[in-house]
Amino acid sequence: EDFFRDSEKIDPTTPIYIDQNLGNDIKGDLVAQDVFERGFKTIYLATGNTREQSSLPPWITKAVGKMPFES
C-alpha cells in the first residue's frame with residue numbers, strides 16, 4: 001500500500017523487487033503487473049521456487065532467488 005501511495009515520487013528507472021508470496025494469498029507476479037502499469041519496467045520477482053524465465057509474465061524482468069547473492 002505504501003509503495004502504491006508514493007509510487008509517483010519514485011524514479012521509474014528504479015529496479016523493483018517483489019516477493020512472489022506477499023501473504024493473504026496475494027501473488028507478487030500479479031502485483032508486479034500493477035507496478036509495471038505505473039511505469040516501472042525493471043521488475044524482479046523474488047521466489048524460492050525454480051521458475052523458467054519463459055514462463056514469466058512479460059512485465060517481469062527476471063525471477064531471482066531470495067538468498068543474498070543468488071540470481
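Here the structure is shown first, and the text comes after it.
Residues numbered from 1 in each chain as written. Predicted model: local features only at pLDDT ≥ 70, side-chain atom pairs only at ≥ 80, totals over all residues. Heavy atoms only, no water.

Re the packing of aromatic side chains
This model, assessed by the stated rule, comprises three aromatic pairs. An angle of 55° between the planes, with centres 5.4 Å apart, marks the rings of F3 and F40 as tilted. Within this pair, whereas F3 is found in helix α1 (residues 2–6), its partner F40 is found in the loop between α2 (28–37) and β2 (43–46), the two being separated by 37 residues in sequence. By way of ring pairs, the aromatic residues F3, F4 and F40 are connected into one cluster. In this structure, K41 packs its charged tip against the face of F36, placed 3.8 Å from the ring centre. (Phe/Tyr/Trp six-rings, centres within 6.5 Å; stacked < 30°, edge-to-face > 60°. Helix = DSSP H or I, 4+ residues; strand = E, 2+ residues; numbered from the N terminus. Lys NZ or Arg CZ within 6 Å of the ring centre and 35° of its normal.)

With respect to the environment of F3
Residue classification places F3 among the partly exposed positions, given a relative accessible area of 24%. Once the C-alpha coordinates of F3 and V35 are considered, the two residues, 32 residues apart in sequence, prove to be 9.1 Å apart. For F3, the contacting residues outside a window of four places in its chain are I10, I16, V35 and F40. (Buried < 20%, exposed > 50% of the residue type's maximum accessible area, 1.4 Å probe, protein only. Contact = heavy atoms within 4.5 Å.)

Remarks on the nonpolar core
In this structure, I16, I18, V31, A32, V35, F40, I43, L45, L56, W59, I60 and A63 together form the largest nonpolar core, which totals twelve residues. Among the elements of the structure, β1 (16–19), α2 and β2 are those that each provide at least two residues to this core. At three residues, the largest contribution of residues to this core is made by α2. Apart from residues lying up to four places away in sequence, I60 is in contact with D29, A32, I43 and L45. (Core = buried A, V, L, I, M, F, W, Y, C linked by side-chain atoms within 4.5 Å.)

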